[in-house]
Amino acid sequence: MNALAGFGIWAQRNRWVWSAIGVLFLWLLLSFVTSRFSLSSLSGVMLSASFLTVVGIGQMFVVTTGRGNIDLSVASVITLSAFVALLTVKGQDANLAIGVVIAIVLGLAIGALNSLLVVVLGIPAIIATLATGYVLATATLLSNKAIPGFAVSPALKDVATGRIGDVPIMAIVAILGVATTSFVLRYTVFGQLLSAVGQNRAAARLAGIRNGPVIASAFVISSVLASLDGLLLGAYIGGAFLEMGQPYLLQSIAAVVLGGTLIFGGAATALGTLFASVLLILIVTTMQIIGLPPGVQDIVQGIVVIFVLALAGRQALARRASVDSAESEQTSAKTAVGAAPTRPE
């Protein structure tokens, strides 16, 4: 076995490596064609990618449950959470604790609603979470009318914009989140249950796994992380505005799939989500340097998402065909053995 084949086998088990290679390639390219890129600019890219990573991890849990599940309410959750934070914290550190608690409760409530629609009522996740997003958009409009001003808690702003040396605090938060998620996915019972449900719900049910609670927990995690991300994003921006969470809808899906999580569930990589988030921010930065208008940037990002989803779909179909072929061969072998004549006693 040569080195290239060995790398290919290793890369199949560590799908995050492709997004990491993409980050390295694009970074070297931008550093070569322009003198504007340095370690300080990389720090800025990491800061922007950190907010995408947080919501992307939550989206990753939902996608891992399988059957094409996607949480389309994350954008509205981010926006509403930012508005609610302004209403509760009111720019004072003394109110920060209650603001964080309310953000978590908001995420829990929205996640529970999505779980009810998907798990209990059996509504497809895309339709259910899209409907939830419309409801949250109405709540955001009402919150927008009630906001007295745009004061941000100094402590919260330090977390969202502060640095330890040249490293953004938010980047440290995102990396810790990725490390924790990786541990959960690989070494905990919940991580194993999540993968089992995503790979084959029928087999998981026969193995005694209750699919409903596992799927519900994924939607709750997604909403809680999106809500906390909105809290931090509002502090970073210095306020809140309508549709502020909209860019994170497509980007969170792209970060999950581009990072190596299988779109049809069963296998996830938090590290890949981090690298893919950095890659997507680098792509946006490249388009801004070129001078593309915002509308064209959205089109390019949409094309990237479509391309990645199409590629992931082809890989999933190929994997399914391989599994079906193996099952067919096993069935044929069993049939042949059953049909073989027996020797007389």
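Along each chain, residue indices are assigned from 1 in the same order as the chain's sequence is written. Note on the predicted model: pLDDT of at least 70 is required for a residue's local features to be given, and 80 or more for side-chain atom pairs to be given and counted; whole-chain, interface and lining totals, by contrast, use all residues. With hydrogens and water stripped out, all remaining heavy atoms of the structure feed into the side-chain values.

## Description of the overall build of the protein
- Helix numbers and strand numbers start at the N terminus; a helix is a DSSP run of H or I with at least 4 residues, a strand a run of E with at least 2. The helix and strand inventory of the protein stands at 14 helices and two strands.
- Between buried and exposed lies partly exposed: a residue is buried under 20% and exposed over 50% of the maximum accessible area for its type, with that area taken using a 1.4 Å probe on protein chains only. Counting the 345 residues in the protein, one finds 46% classified as buried.
- Partitioning the contacts of the protein with sequence separation of at least 6, the portion at a separation of at least 24 is 77%.
- The Shrake-Rupley method, run with a 1.4 Å probe, gives the accessible areas here. Residue values count only the displayed protein chains as cover. Working note: accessible area of the protein is about 17,500 Å², and carbon and sulfur atoms make up 69% of it. Contact between two residues is taken to exist if any of their heavy atoms lie within 4.5 Å; hydrogens are not considered.

## Notes on empty space enclosed by the protein
- Points on a 1 Å grid over protein atoms alone make up a cavity when a 1.4 Å probe fits among them but cannot get out, and a pocket when they form an open set with protein on both sides within 12 Å along at least five of seven lines; lining residues each have an atom within 4 Å of a point. Grid points are joined across faces, edges and corners, and a volume is the space filled by probe spheres set on the points. Enumeration according to the criterion identifies three cavities of 30 Å³ or more in this entry.
- If you add up the space inside the largest cavity, you get close to 90 Å³.
- Sorting the residues of the lining of the largest cavity by element identifies α4 (74-89) and α11 (211-237) as the ones contributing at least two each.
- Ranked by residues supplied to the lining of the largest cavity, first place goes to α4 with four residues.
- Classification used: nonpolar for Ala, Val, Leu, Ile, Met, Phe, Trp, Tyr, Cys and Pro, charged for Asp, Glu, Lys and Arg, polar for all others including Gly. A per-class count over the lining of the largest cavity returns nine nonpolar, three polar and no charged.
- What lines the second largest cavity is Leu250, Gln251, Ala254, Leu280, Ile283, Val284, Gln301, Val304 and Val305.
- At the level of elements, α12 (247-258), α13 (270-290) and α14 (294-339) are the ones that each hand at least two residues to the lining of the second largest cavity.
- Looking at the lining of the second largest cavity residue by residue, the classes come out as seven nonpolar, two polar and no charged.

## Focus on a nonpolar patch on the surface
- Patch building starts from residues that exceed 30% relative accessible area and form no salt bridge, then joins like charges within 9 Å and nonpolar side chains (Val, Leu, Ile, Met, Phe, Trp, Tyr) within 5 Å. Whenever a carboxyl oxygen of Asp or Glu lies within 4 Å of a side-chain nitrogen of Lys or Arg, that contact is scored as a salt bridge. Together, Leu113, Leu116, Val119, Val120 and Leu121 make up an exposed nonpolar region whose accessible area comes to about 420 Å².
- The class of Val120 is exposed, set by a relative accessible area of 60%.

## A look at the layout of surface pockets
- Of the pockets and cavities examined, the second largest pocket occupies roughly 600 Å³.
- Surrounding the second largest pocket, 24 residues form its lining, Pro247, Gln251, Ile281, Val284 and Gln288 being those nearest its centre.
- At the level of elements, α3 (39-64), α11, α12, α13 and α14 are the ones that each hand at least two residues to the lining of the second largest pocket.
- Residue composition of the lining of the second largest pocket, by class: 14 nonpolar, nine polar and one charged.

## Some points on the nonpolar core
- Membership of the largest hydrophobic core comes to 41 residues, with the highest contact counts inside it found for Phe51, Val55 and Tyr248.
- Mapped by element, the contributors of at least two residues to this core are α3, α4, α5 (96-120), α7 (154-161), α11, α12 and α13.
- Counting residues per element, this core draws most heavily on α4, at 10 residues.
- Apart from the residues within four sequence positions on either side, Val55 is in contact with Val74, Ile78, Ala226, Asp229, Tyr248 and Ser252.
- Nonpolar cores were defined as sets of buried Ala, Val, Leu, Ile, Met, Phe, Trp, Tyr and Cys residues, with membership established by side-chain atoms within 4.5 Å. By size, the runner-up hydrophobic cluster in this structure holds 24 residues, among which are Ile57, Val214, Ile215 and Phe219.

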